[in-house]
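Residue-level structure breakdown
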Amino acid sequence: MTDLDQLKADLLAAIDAATGVDALEAVRVHALGKQGSVTGLLKTLGGMSPEERQETGPRIHGLREAVTEALAARKAALEGAALEAKLASETLDMTLPVDGVPAGTVHPISQVMDELAEIFADMGFAVATGPEIEDDWHNFTALNIPETHPARAMHDTFYLAGEHERPMVLRTHTSPVQIRTMTSQQPPIRIIAPGRVYRSDSDATHTPMFHQIEGLVIDKGITLGHLKWTLETFLKAYFERDDIVLRLRPSYFPFTEPSAEVDVGFTWTNGKRVIGGSGDAEGGGWMEVLGSGMVHRRVIEACGLDPDEWQGFAFGTGVDRLAMLKYGMDDLRAFFDGDLRWLKHYGFSALDVPTLSGGVGA
């Protein structure tokens, strides 16, 4: 017993005297390794009589536990001290000037989102958001999209697997935000709903994930005239030109009636297409930029409002497409490649904050 007590005292002293992790590891191997002193004592238990094992066994196991706990405590202390020393040697003087200007840039999508929010805020619109994982009712049914509509097909919509009260999808447009707004607040309503949307498509002008912005106005006495004025004012501010000319073509959308595709006139300058001017002018043309229309009676009814009292209009466009038109990009896929060269070329400085007084563009 005296030998066990002495061995315990020697091992604990060696552990306490270890000045580094390597030295501590050497003590651990000496005590608890395959050929260690404590390990050797444990191996002798098998050759003892039951009486000897009952008397000596607890002392040997107690020795092993004491050594193990001491090793763990000393290791934690040594590692803590090493960390403190490292932190003390790696201090940074924040009063020193920076070596250079930060190289990061604002992505064109983020910049255009800010531009749109600035423009519509000046027109009295609030920004509304909603979940990107939507249920079938908000994404389709409440928007008067019938069960047989092609937009519900698997080749166009990402459906979520699993059991749900309603079928769940990755939203195919930001229109569900309009439904959530109309069912959660009373008119008058003036909102824009920017955000990510998802469709099963991919080429130079389409990606499985892209960005949309939709606008909604619900009030009394709303007409197509209000819609055209809003879109004209918005496009003039966005493209920063006063000669923007719009053309509304009859179209069909399940959630608006009547519906109209909105074209904007453009001209060719130095071989480049420039938004502005009449598309009917010599050398000009028309380009579709928006979908719009008066909110369908069924959509208003689905949201619990009286369509005889409340009317409204809605419009939507791709944020990525607007960015491409304004800043001269020709491949949508490059927006999501994460190429630093592309981002450096097309990105914006953090100080390029869009303001109507200073111009929303860079």
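Read on for an overview of the structure. Every value quoted in this text rests on a predicted model; they were computed, and no experiment measured them. (Residues numbered from 1 in each chain as written. Predicted model: local features only at pLDDT ≥ 70, side-chain atom pairs only at ≥ 80, totals over all residues. Heavy atoms only, no water.)

Examining the pattern of salt bridges
Oppositely charged side chains are able to pair whenever their charged atoms sit close together. Taken as a whole and assessed by the stated rule, the structure comprises 16 salt bridges. Notably, a salt bridge pairs Asp 135 with Arg 180, separated by 3.9 Å at the nearest N-O pair. Here the residue Asp 135 occupies a position in strand β2 (residues 133-135), and Arg 180 occupies one in helix α7 (residues 175-184), the gap between them amounting to 45 residues. Given the relative accessible area of 10%, Asp 135 is considered buried. With relative accessibility at 28%, the residue Arg 180 sits in the partly exposed group. Between Arg 297 and Asp 308 there is a salt bridge, and its shortest N-O distance comes to 3.0 Å. One end of the pair, Arg 297, is in helix α9 (residues 297-302); the other, Asp 308, is in the loop between α9 and β10 (311-318), with 11 residues separating them in the sequence. Connected through shared salt-bridge partners, Glu 134, Asp 135, Arg 166 and Arg 180 make up one network. (Salt bridge = Lys/Arg side-chain N within 4 Å of Asp/Glu carboxyl O. Helix = DSSP H or I, 4+ residues; strand = E, 2+ residues; numbered from the N terminus. Buried < 20%, exposed > 50% of the residue type's maximum accessible area, 1.4 Å probe, protein only.)

A short note on the environment of Pro 208
Take Pro 208: it is sitting in the loop between β4 (189-198) and β5 (209-219). Accessibility expressed as a relative area gives 37% for Pro 208, which makes it partly exposed. For the pair Pro 208 and Val 38, spaced 170 residues apart in sequence, the C-alpha to C-alpha distance is 64 Å.

Side note on the pairing of strand β6 (residues 246-253)
Sheet topology places β6 next to strand β7 (residues 256-269); seven bridges connect them, and they run antiparallel. Bridge pairing in β7 links Phe 253 to Thr 256. From the end of β6 to the start of β7, which pair antiparallel, there are two residues. (Pairing = 2+ DSSP bridges.)

Comments concerning unusual backbone geometry
Along the chain, Pro 187 connects to Pro 188 via a cis peptide bond; the corresponding omega equals 0 degrees. Mapped onto the elements, Pro 188 comes out in the loop between α7 and β4. Note the cis peptide between Glu 257 and Pro 258, where omega equals 0 degrees. Within the secondary structure, Pro 258 is located in strand β7.

What about the packing of helix α5 (residues 108-122) against helix α10 (residues 319-327)?
Axis separation between α5 and α10 bottoms out at 9 Å; the angle between their running directions is 95 degrees. Of the possible angle classes, the one that applies to α5 and α10 is roughly perpendicular. Contacts from Ile 109, Val 112, Met 113, Glu 115 and Leu 116 of α5 reach α10 at Val 319, Asp 320, Leu 322, Ala 323, Lys 326 and Tyr 327. The class makeup of the residues in the contact of α5 with α10 is eight nonpolar, no polar and three charged. (Axes fitted to C-alpha atoms, helices over the stretch in contact; angles between N-to-C directions. Parallel < 35°, antiparallel > 145°, perpendicular 65-115°, else oblique. Contact = heavy atoms within 4.5 Å. Nonpolar A, V, L, I, M, F, W, Y, C, P; charged D, E, K, R; others polar.)

Quick look at the nonpolar core
Leu 116, Phe 120, Phe 234, Leu 235, Tyr 238, Leu 290 and Phe 335 are the most contacted members of the largest nonpolar core, which has 43 residues in total. Residue assignment for this core shows that the elements contributing at least two residues are α5, β5, α8 (224-239), β7, β9 (284-295), β10, α10 and α11 (340-346). Apart from residues no more than four positions distant in its own chain, Phe 335 is found in contact with His 107, Ile 109, Asp 320, Ala 323, Met 324, Met 329 and Trp 342. In this structure, Ile 191, Leu 216, Val 295 and Cys 303 belong to the second largest nonpolar core, which totals 22 residues. (Core = buried A, V, L, I, M, F, W, Y, C linked by side-chain atoms within 4.5 Å.)

Some words on the side chain of Thr 181
Mapped onto the secondary structure, Thr 181 falls in helix α7. A residue is classified by how much of its surface remains accessible, and Thr 181, at 7% relative accessible area, is buried. Within the structure, Thr 181 has its side chain in polar contact with the backbone oxygen of Val 177 (distance 2.8 Å). If near-sequence neighbours (up to four positions away) are discounted, Thr 181 is found in contact with Ala 128, Ile 189 and Ile 191. (Polar contact = N/O pair within 3.5 Å; in protein donor to acceptor, adjacent residues only side chain to side chain.)

Details of the packing of aromatic side chains
Following the criterion strictly, the structure yields 12 aromatic pairs and no others. Here the aromatic cluster, defined as three or more aromatic residues joined through ring pairs, consists of Phe 120, Phe 125, Phe 234, Tyr 238, Phe 239, Phe 313 and Phe 315. If you follow Lys 326 out to its NZ or CZ, it ends over the ring of Tyr 238, 4.4 Å from the centre. (Phe/Tyr/Trp six-rings, centres within 6.5 Å; stacked < 30°, edge-to-face > 60°. Lys NZ or Arg CZ within 6 Å of the ring centre and 35° of its normal.)

Observations regarding α5
Under the 1.5 Å per step criterion, the end-to-end length of α5 is 21 Å for 15 residues, consistent within 8% with the ideal 21 Å. Every buried residue belonging to α5 is among Pro 108, Ile 109, Gln 111, Val 112, Met 113, Glu 115, Leu 116, Ile 119 and Phe 120, and all of these are buried. Check the buried side of α5 and you find it contacts β4, β5, α8, β10, α10 and α11. Of the residues trailing α5, Gly 124 is marked for its positive phi of about 90 degrees. (Expected span 1.5 Å × (residues − 1).)

Considering the packing of helix α2 (residues 21-32) against helix α4 (residues 50-89)
Contact geometry of α2 with α4 gives a least axis separation of 10 Å together with a crossing angle of 170 degrees. With respect to α4, the axis of α2 lies roughly antiparallel. Judged by residue contacts, Val 21, Leu 24, Arg 28, Ala 31 and Leu 32 of α2 engage Arg 64, Val 67, Thr 68, Leu 71, Arg 74, Lys 75, Leu 78 and Glu 79 from α4. Each residue belonging to the contact of α2 with α4 can be placed in one class, and the counts come to seven nonpolar, one polar and five charged.

The quantities given are spatial measurements derived from coordinates; they are silent on function.
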